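Coordinates in review
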Amino acid sequence: MSGVTLRSINKTFGATSVLSDVSLDVGEVEFLTLLGPSGCGKSTLLRIVAGLETHDSGEVSIGGRPVDHLRPRERDVAMVFQSYALYPHMTVAQNIAVPLTMRRLRPWQRLPLVGAVVRSVRERRAEIDADVRRAADALEIEPLLDRKPSQLSGGQRQRVALARAMVRQPRAFLMDEPLSNLDAALRVQARAEIADLHRRLRTTFVYVTHDQSEAMTMSDRIAVMMGGRLLQVASPGTIYDSPADLRVAVFIGSPRINTLDGIAREGGMVEAGGIAFPLNSGLLAGASLTVAFRAEHADIAPASDANGEGLPGEIRQVENLGADVFVHVACRGSAQPVIVRVTPDGGYGLARGQPVRVRPILARILLFAPDGRRIEARP
Amino acid sequence: MTLAAIAGTPGAENIARKTPARTEALAAYGLVAPATILLLGILVLPTVATVVLSFTDWQFGAASLNWVGADNYGALLGDEVFRKSLTNTLLYVSMVVPASVVLGLVVALLIEAGTGLRAFYRAAFFLPVTATLIAMATVWEIMLHPSIGFINLVFDAAGLGKHNWLKDPALALPTLAAIGVWQMLGLNMILFLAGLKSIPRDLHEAASIDGADGWWSRFTTVTWPMLGPSTLFVLIISSIRSFQVFDTVAVLTEGGPNKATEVLLYTMYQEGFGFFRAGYGAAITVVFLTFVLLLTLLKVRLAERRVHYS
Amino acid sequence: MIALRPSLAAEAGRHAALMAGAIVMLAPFVWMLSLSLRAPDDIFTQELHLVPRKWDAVRNYLAAFEKVPLLRYLLNGVVVTATILVLQIAVAVPAAYALAKLRFAGSKVLFSLVLFGLLIPAHVPAIPHYIMLSKVGLLNSYAGLVMPSVISVFGIFWIRQFFLTVPDDLVHAARLDGMSEFGIVWRIMLPTAVPALTAFGILSVVVHWNDYFWPLLIVTSPDMAMPALGTVYLRNTEAGIDYGPLMAGVVVITAPLVLFFLAAQRRFIEGMTLSGIK
Ligand SMILES: Nc1ncnc2c1ncn2[C@@H]1O[C@H](COP(=O)(O)OP(=O)(O)OP(=O)(O)O)[C@@H](O)[C@H]1O
Ligand SMILES: [Mg+2]
């Protein structure tokens, strides 16, 4: 059985297509992150899962059960919104209790004073109270239970939103950039807490973000989305080391991956930046492709090096971040400077304007076809 | 729309998928149903009925009713009282609207320009809006009393002489207009205050940094343009309200002296409910409505040009 | 509103202008109070003075209550305006929510109808209303006084504008938490709209408490009069020339709303500024 399954979801707003043919399987206890640039359709997809938005075609199932015809409340999912969406006129305790009262009490039982008169209602209210306390306890917000949302800090609001989501043990958690309103330090802490929450609850988490460090640190798998399509769904390591698409390679990783225009040559060679690499692209000679490698997968050699291997270029900037030094080198075949990470020792003596050679590690070079598809290179 | 949704999506599975959207629409229809029914039954249909009635000779209580075409309107054209009434109403509107809008804006700006006594000034200027106009008209009548009235006492003390404000044909309508301004200014002020509050503070600061640091230049670069929508709203509200002038006329002058303060609603009231000529009264109402609509549409048109393209 | 401190002269000028205006605005109220406390020969005098020289407050106020049933008018005012307000809110809030937050075919048409309704003065449908009520025998009744005002297009418009500023996610969260649309209207939207509703409530009460035209048309017995019409009844008794009791009656008629407004002033201003008209 699986947590959340999407089959060929399509969605348009008017004439613009926002999601095209999105299919995805999220495991029952998996933490899956939807990662992509702003406006790529992540929130829309999440809201389709929740039933807050309708899709034009395709199928959504939750826990193996098709839910397309179900209303949001019947889907048994909980959602944490970017704005937290706490009810401003209710206390924290009342906010957290809402999903429980709505499910456990009938409309007439929710009327004020009924609890004072009818014993079964009083008992149920007591249960709800206990559950609210348990959730508040788990997130360490018990002292805040009587406050209104406007009296809370951003981090506290975020916890209340989490508590409201977890209090009723839903089948799946949907989170739409729940940390984007927090400051950097708090974000790192909250990240760990959410990951911990996932380990404890052992249910499906679908988490939306455009922050790749969140995605890399928290997820079992990442689904990279762009322009309404899923480009790759894989573990963080795979996404980083072995991107299936040039756009994924460029989107993930900081500094940005280095890319050079290349051409396939005969005899299993690829030419880029003025030199030939022994890489078998399997393409016909003369076909153009893109050669890419990450900053940590290359080193810098003096231009005067006798055997003359590596991309010739000139240093534009030396960026010292303490633990790492990033050297920006202007090379032929690349519009932007190629960035190479070196150790502080290795960076010693490098200076702007100096001619050098950039030597990528052959095994870590990635090749991409003009349409962005990855080409397995056989050295 | 539900029909269209079903027609456009073949296959049972697709119909099932549309359900959330359909339940949303169904809920919406449930929620708007009371308002829609009442809107149609209490506002739209009776308004249409008024128009229909204006083409008949019906009188209250009469058993039959005859279709008379545009006869009522023809009669209106020839009716001296009605012509006077229409002119007076337009005159009244043209005095009250500019004065109450400009004063409302000035007061709002003055109140916002400083911090002292804001709440007091706001309350003082708004109080006439909340006070029962009929009751206050009675007070005004005494204040305007030819011999013992407060205003005449003040005028006399200032050497301006005493006037018979409500009985002098030249003064009666302007006097009513002044009472109208007194009563309406506060609402306009509040609406302008709301508009002023909605202007982001940074905009003023940005304007100062960009060099608009005098009071006047800041007003012309930021405040006035940002107040555009409020101004339109205030203009529309105050012209609709001043078109409806009735209370002061009914208790203070009864249209006199010599029809100098005869206004549309008062004429309509007299014809329709004084003389029970419902058809004729309806025709006056239709003219009244037409003028209100025309004036509003004209303002919206003018404002749209400026608000959007400036 | 301005970062720079205004100069002392500017501040003095501001106060001078506003104070002069405030005096003009408040003069009728002060004069009304003053006259309501005076004896007849202190009223019919050519001298200008504010503080009564010959007090006769008790007689004036007692006489006012004797001549017409002032308390009855106030009670009618409370019953009718409160009923109108409750019905207006009950009808307008769900519609405003649907117009602001739900997608349904016909919402544009309905909203245009609301906008059009805003332009129709209440006097326009008066003749058909009168005919309808006389057909069902409801002239001169509370129901008749309430009926034309049950729907407030202004209320729908106003509350919708406010609801537009409520984040969609709040509604979405409520749906996921298991609320029905009906529940969302009353449990989420209504409580968040309290400032806007306060402002609307004050405007609605002011309009209907002070309405003269409609009661004038349909009220035929003195005990059904609303406050404004009651004032005219008082004028028409011999008190019309006995200014002391007349002014006392006028004070009694205007006091409830004026005091109510002064008490709710801050909330009213807040509601006006929060709402959608900009
Ligand atoms: N109700 C709507 N009507 C029309 N277009 C919409 C609507 N909602 C979203 N869109 C469009 O759909 C696209 C995807 O929106 P979505 O909110 O899913 O993006 P996102 O990936 O969540 O972006 P972000 O990271 O900025 O939140 C955007 O181009 C947006 O403009
Ligand atoms: Mg989003």
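Since the structure is predicted, the reported quantities are computational estimates derived from the model, not experimental observations.

A look at the domain arrangement of chain A
Residues and elements named next belong to chain A. By domain assignment, chain A separates into domain 1 (2–246) and domain 2 (255–375). Put simply, the middle of domain 1 and the middle of domain 2, counted by C-alpha atoms, are 42 Å apart. Interface area lost by domain 1 to domain 2 is led by Tyr-240, Pro-243 and Leu-246, which between them contribute 67%. Where domain 1 meets domain 2, there are one salt bridge. The partner of Asp-241 in a salt bridge is Arg-364, and the shortest N-O contact between them spans 3.6 Å.

Regarding the nonpolar core
One finds A:Leu34, C:Phe163, C:Tyr212 and C:Phe268 to be the most contacted residues of the largest nonpolar core, which totals 231 residues. The residues contacting C:Phe268, other than those within four sequence positions of it, are B:Phe126, B:Ile190, C:Ala199, C:Ile202, C:Leu203 and C:Phe261. In terms of nonpolar packing, the next biggest core, distinct from the first, is built from 38 residues, A:Ala78, A:Val114, A:Ala161 and A:Ala190 among them.

Some remarks on the sheet that holds strand E18 (residues 338–342) of chain A
All names here are of chain A. What the five strands build is an open sheet, ordered E15-E19-E16-E17-E18; its pairing is antiparallel. On the outer flanks of this sheet lie strand E15 (298–302) and E18, each paired with one strand and no other. The average angle at which neighbouring strand axes cross in this sheet is 45°, direction not considered. Judged from the five bridges that link them, strand E17 (residues 325–331) and E18 form a sheet pairing that is antiparallel. Bridging across to E18, Phe-326 finds its partner in Arg-341.

Considering helix H11 (residues 194–209) of chain C
For H11(C), spanning 16 residues, the distance from its first C-alpha to its last is 21 Å, which sits close to the expected 22 Å at 1.5 Å a residue. Burial within H11(C) is extensive, with 13 of its 16 residues counted as buried.

Let's talk about the site of ligand 1
Residue and element names in this part refer to chain A. Taken together, Phe-13, Val-18, Ser-38, Gly-39, Cys-40, Gly-41, Lys-42, Ser-43, Thr-44, Glu-177 and His-210 are the residues near ligand 1. At 3.2 Å, a backbone N or O of Cys-40 approaches an oxygen atom of ligand 1. Lys-42 is positioned with one of its side-chain polar atoms (N or O) 2.8 Å from an oxygen atom of ligand 1. Starting from 630 Å² of accessible surface for ligand 1 in isolation, the protein chains cover 56%. Top contributing element to the shell around ligand 1 by residue count: helix H1 (residues 42–50), with three residues.

A word on the packing of aromatic side chains
Taken as a whole, this structure holds 29 aromatic pairs over all chains when the rule is applied. Considering the side-chain rings of B:Phe246 and C:Phe213, the 4.9 Å spacing of their centres and the 85° angle between planes classify their relative orientation as edge-to-face. Linking B:Phe246 in the loop between helix H12 (228–243) and helix H13 (247–253) with C:Phe213 in helix H12 (residues 213–218), this pair reaches from one chain into another. The exposure class assigned to C:Phe213 is buried, which follows from its relative accessible area of 4%. Put simply, the rings of B:Phe246, B:Tyr266, B:Tyr269, B:Phe273, C:Tyr130, C:Tyr212 and C:Phe213 touch in pairs and so form one group of aromatic residues. One Lys or Arg, B:Arg277, reaches over the ring of B:Tyr280 and ends 4.3 Å from the middle of that ring. Note that C:Arg38 overlies the ring of C:Trp31, its terminal NZ or CZ placed 5.0 Å from the centroid.

A word on the sheet that holds strand E14 (residues 288–293) of chain A
Residue and element names in this part refer to chain A. Strand order in the open sheet made by the six strands is E13-E12-E11-E14-E20-E21, with antiparallel pairing throughout. Strands with a single pairing partner mark the edges of an open sheet, and in this sheet they are strand E13 (275–277) and strand E21 (374–375). As paired elements, strand E12 (residues 269–272) and E13 share three bridges and run antiparallel to each other. By the bridge assignment, Val-270 is partnered in E13 with Phe-277.

A closer look at the interface of chain C and chain B
The interface is formed by 94 residues belonging to chain C together with 98 residues belonging to chain B. Interface of chain C and chain B: buried area, both sides summed, is about 8,700 Å²; carbon and sulfur atoms make up 79% of it. The interface formed by chain C and chain B includes two salt bridges. With its nearest N and O atoms 2.5 Å apart, the salt bridge here joins C:Arg235 to B:Glu141. Inspection of the chain C/chain B interface yields 14 residue pairs in polar contact (both at pLDDT 80 or more). Take the side of chain C that touches chain B: its biggest share by element is 17 residues, from helix H1 (residues 8–36) of chain C. Across the side of chain C that touches chain B, the residue classes break down as 73 nonpolar, twelve polar and nine charged.

Things to note about helix H9 (residues 169–197) of chain B
All names here are of chain B. The end-to-end C-alpha distance of H9, which contains 29 residues, comes to 43 Å, matching closely the 42 Å that a straight helix rising 1.5 Å per residue would cover. At Met-184, H9 is bent by approximately 35°, the largest bend along its length. When you tally the buried positions in H9, you get 23 out of 29 residues, the bulk of the element. N-cap assignment for H9: the residue whose side-chain oxygen lies 3.0 Å from the backbone N of Ala-170 is Asp-168.

As for the pairing of strand E3 (residues 31–35) of chain A
Residue and element names in this part refer to chain A. Burial analysis of E3 places five of its five residues in the buried class, which makes it a mostly covered element. Along E3, one buried face is formed by Phe-31, Thr-33 and Leu-35 and the opposite face, lined by Leu-32 and Leu-34, is buried too. Relative to strand E8 (residues 204–209), E3 runs parallel, the two being bridged by five bridges. Residue pairing for E8: Thr-33 is matched across the bridge by Tyr-207. Pairing of E3 with strand E9 (residues 221–226), which is carried by four bridges, proceeds in the parallel orientation. Bridge assignment links Leu-32 to a residue of E9, and that residue is Arg-221.

Quick word on the side chain of B:Thr56
Residue and element names in this part refer to chain B. Residue placement: Thr-56 occurs in the loop between helix H3 (19–53) and helix H4 (71–78). The class for Thr-56 is buried, based on a relative accessible area of 1%. Here Leu-53 takes part through its backbone oxygen, which lies 2.8 Å from a polar atom of the side chain of Thr-56. For Thr-56, the residues in contact, after removing those within four places along its chain, are Leu-65, Asn-66, Trp-67, Val-68, Asn-72 and Gly-279.

Analysis parameters
- Residues numbered from 1 in each chain as written.
- Chains lettered and ligands numbered in written order.
- Predicted model: local features only at pLDDT ≥ 70, side-chain atom pairs only at ≥ 80, totals over all residues.
- Heavy atoms only, no water.
- Domains from an automatic or database assignment.
- Buried area = accessible area lost by both parts, 1.4 Å probe.
- Salt bridge = Lys/Arg side-chain N within 4 Å of Asp/Glu carboxyl O.
- Core = buried A, V, L, I, M, F, W, Y, C linked by side-chain atoms within 4.5 Å.
- Buried < 20%, exposed > 50% of the residue type's maximum accessible area, 1.4 Å probe, protein only.
- Contact = heavy atoms within 4.5 Å.
- Pairing = 2+ DSSP bridges.
- Helix = DSSP H or I, 4+ residues; strand = E, 2+ residues; numbered from the N terminus.
- Axes fitted to C-alpha atoms, helices over the stretch in contact; angles between N-to-C directions.
- Expected span 1.5 Å × (residues − 1).
- Near = heavy atom within 4 Å.
- Polar contact = N/O pair within 3.5 Å; in protein donor to acceptor, adjacent residues only side chain to side chain.
- Areas by Shrake-Rupley, 256 points an atom, 1.4 Å probe, with all protein chains shown as cover.
- Phe/Tyr/Trp six-rings, centres within 6.5 Å; stacked < 30°, edge-to-face > 60°.
- Lys NZ or Arg CZ within 6 Å of the ring centre and 35° of its normal.
- Nonpolar A, V, L, I, M, F, W, Y, C, P; charged D, E, K, R; others polar.
- Bend = angle between axes of the 7 residues up to and from the residue.

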